[in-house]
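One letter stands for each residue in the lines below.
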Amino acid sequence: METKLFAGHAVRRLRRGQALTQAAMAELLGVSPSYLNLIERNQRPLTATLLVALAERFGFDARTLAASEPAGGADALRRRLADPMFADLALDRGDVAEWLASAPGGAEAFARAFDRLGSGAGETIAADPAIEARAAIERWRNHFPDLDAQAEALADDLRQSGGDPAAAMADRLRVRHHLSVRLLPVEAMPDRLHRTDLHARQLQLSERLDPASRSFALARALGHAEARAEVDAVVRGAGLTDRTAELWLRRHLHGYFAAAVMMPYARFLRACEATGYDIALLGRRFGAGFEHVAHRLTTLHRVGARGLSFCLLRIDRAGQISKRFAGASQSPLVEGAPCPLLGAFDAFARSGEAIVQLVEPEAGGRWLTIARTVTPPGALAGEVRARFVVMLGIAAEQAAGLAAARGLDLTARGAPVGAGCRACTRGDCPQRSAPPAGRAMRLDDRDGGLTPFAFAGD
């Protein structure tokens, strides 16, 4: 018997992305237009036979179905509906499932409005351009095939010139784009790490930059010169309404391109598989920093040549998240606030050491995390030196071959973590600093438990 599933939203998104009418796509798949219409409306299931046809015709990957679900899927929608403002509606799992099946567009619209306006007590907050840009990135699962292909071709050209990659990039900027590269002392650039002076036709780099950061700046400059059309196409397709969000996305795409030049897709994936995704070794091999390599690991989703599915968080010492990418991992670790039980916070006390931890989020699953401190380039003696922790996460069932997992029992119980105290409903956590939002407190001055925040259950 064929495996069946309802995924009309994914088929419709794929068809529109290919600029096809229902009749044209139906002809390519060997089905009738009326049948395809029923599939897109979730009135007919998507069969295994059709999945194979979609994969052959369009490179469709069935593993993307959950990631492309409206509102992030049923679990993500239920998390939003758990907000206290909806407490009187008594919505159950069946209601949510029926909503997604019958009106996926409406569920997606609700999710976007909820995420933009905020939650709790009817409080409305201004739209965050960074969140809007991140939503566009996650729709692509942080993988941009055209940028990768362009960067890979450029990297091949640079290799043919031989010698040092950074020198090859500087030569290309000078010869093809009439842009010389100049390294300047701190006194000449006291508050900049790099600057493009189009009047002088110079890419000016501060001596504050370490070698990996200089290479990244050179690759970024090449991207501005040679990948403008590819970046513009992605930005236009995102349909962002906020100019600042568009600039956020553009900056991310240029950084993506720079990393793809330094770590070209096919060579980098082969190196990942040969080394067990050893981040330190990959950094030395490709002349990249820990954060550059970690970012690159979240992007390896090329059809027919997929890497493992990592997510990424960058956390500061106050627990604030400045970067979060789910990639193709569908990990709950990237949502909400970081749990203080994450080993990522231990990394601040063990600078430069990779902290490996097995965790079990309240939302489900078992994940292996790898966290290490990173320091942005540029700080000199007497200046404030920023420190962050970059944490990678991967599903435990995918982690067996990782260098970081050697000697670990990946079937063991992981640390119980949540999405921040206000969202987490674990009742026995001694680390809890606040009760869950919307839960009634249980106060008894004659009794004391492991946490001062006892609360009513479901």
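All values reported here derive from a predicted model rather than from experimental measurement.

Draft legend 1. Representation of the sheet that holds strand 12 (residues 388-395) in the model. Taken in spatial order, the 6 strands of this open sheet run 9-8-12-11-10-13, and their pairing is mixed. Two strands bound the open sheet, and with one partner strand each, they are strand 9 (321-325) and strand 13 (415-417). On average, each strand axis in the sheet is tilted by 30 degrees relative to the strand beside it, whichever way the strands run. Bridge analysis of strand 11 (residues 367-374) against strand 12 gives 8 bridges, and the strand direction is antiparallel. Across the sheet, A371 pairs through a bridge with M391, a residue of strand 12.

Draft legend 2. Representation of the sheet that holds strand 3 (residues 180-184). Here 3 strands make up an open sheet; going across it, the order is 3-5-4 and the pairing mixed. Strands with a single pairing partner mark the edges of an open sheet, and in this sheet they are strand 3 and strand 4 (194-197). Neighbour to neighbour, the strand axes of the sheet diverge by 20 degrees on average, direction disregarded. Bridge count for strand 4 against strand 5 (residues 202-206) is 4 bridges, and the pairing is antiparallel. By the bridge assignment, T196 is partnered in strand 5 with L203.

Draft legend 3. View of the pattern of salt bridges. By the definition in use, this model includes 18 salt bridges. R250 is the salt-bridge partner of E246, the closest N and O atoms lying 3.7 Å from each other. Here the residue E246 and the residue R250 both occupy positions in helix 13 (residues 243-262), the gap between them amounting to 4 residues, near one helical turn. You can call R250 partly exposed: its relative accessible area is 22%. Two residues, K323 and E291, come together in a salt bridge whose shortest N-O distance is 2.8 Å. Here K323 is found in strand 9, whereas its partner E291 is found in helix 16 (residues 290-297), with 32 residues between them in sequence. Classification of K323 by relative accessible area gives partly exposed; the value is 24%.

Draft legend 4. Expanded view of unusual backbone geometry. Within the chain, N142 stands out as a residue other than glycine whose phi angle is a positive 55 degrees. Note that N142 resides in the loop between helix 8 (129-139) and helix 9 (145-160). What makes N142 buried here is its relative accessible area of 1%. At Q330, a position not held by glycine, the phi torsion is positive, near 55 degrees. Considering the arrangement of structural elements, one finds Q330 in the loop between strand 9 and strand 10 (355-361).

Draft legend 5. Representation of helix 11 (residues 211-226) in the model. For helix 11, built from 16 residues, the straight-helix expectation of 22 Å at 1.5 Å per residue is met to within 8% by its first-to-last C-alpha distance of 22 Å. Of all 16 residues that make up helix 11, 12 are buried, and the element is covered over most of its length. Those residues of helix 11 not exposed but buried are A212, S213, S215, F216, A217, L218, A219, R220, A221, L222, G223 and E226. Two to three positions downstream of the cap, the backbone nitrogen of A212 sits 3.2 Å from a side-chain oxygen, assigning the N-cap of helix 11 to D210.

Draft legend 6. Up close: the environment of R366. Inspection of the secondary structure puts R366 in the loop between strand 10 and strand 11. Its relative accessible area of 27% is what places R366 among the partly exposed residues. A polar contact of 3.0 Å, which involves the side chain of R366, links it to the backbone oxygen of A412.

Draft legend 7. Structural view of the pairing of strand 10. With 6 of its 7 residues buried, strand 10 lies for the most part within the structure. Two strands pair when backbone bridges link them, and strand 10 and strand 11 are joined in this way by 5 bridges, in the antiparallel orientation. Counted as the bridge partner of Q357 is T369 from strand 11. Hairpin connection, strand 10 to strand 11: the antiparallel pair is bridged by 5 residues, and G364 has positive phi, about 115 degrees. Of the pairings in the sheet, the one linking strand 10 to strand 13 comprises 3 bridges and is parallel in character. Considered in strand 13, the bridge of P361 is made with V417.

Conventions adopted
- Residues numbered from 1 in each chain as written.
- Predicted model: local features only at pLDDT ≥ 70, side-chain atom pairs only at ≥ 80, totals over all residues.
- Heavy atoms only, no water.
- Pairing = 2+ DSSP bridges.
- Helix = DSSP H or I, 4+ residues; strand = E, 2+ residues; numbered from the N terminus.
- Axes fitted to C-alpha atoms, helices over the stretch in contact; angles between N-to-C directions.
- Salt bridge = Lys/Arg side-chain N within 4 Å of Asp/Glu carboxyl O.
- Buried < 20%, exposed > 50% of the residue type's maximum accessible area, 1.4 Å probe, protein only.
- Expected span 1.5 Å × (residues − 1).
- Polar contact = N/O pair within 3.5 Å; in protein donor to acceptor, adjacent residues only side chain to side chain.

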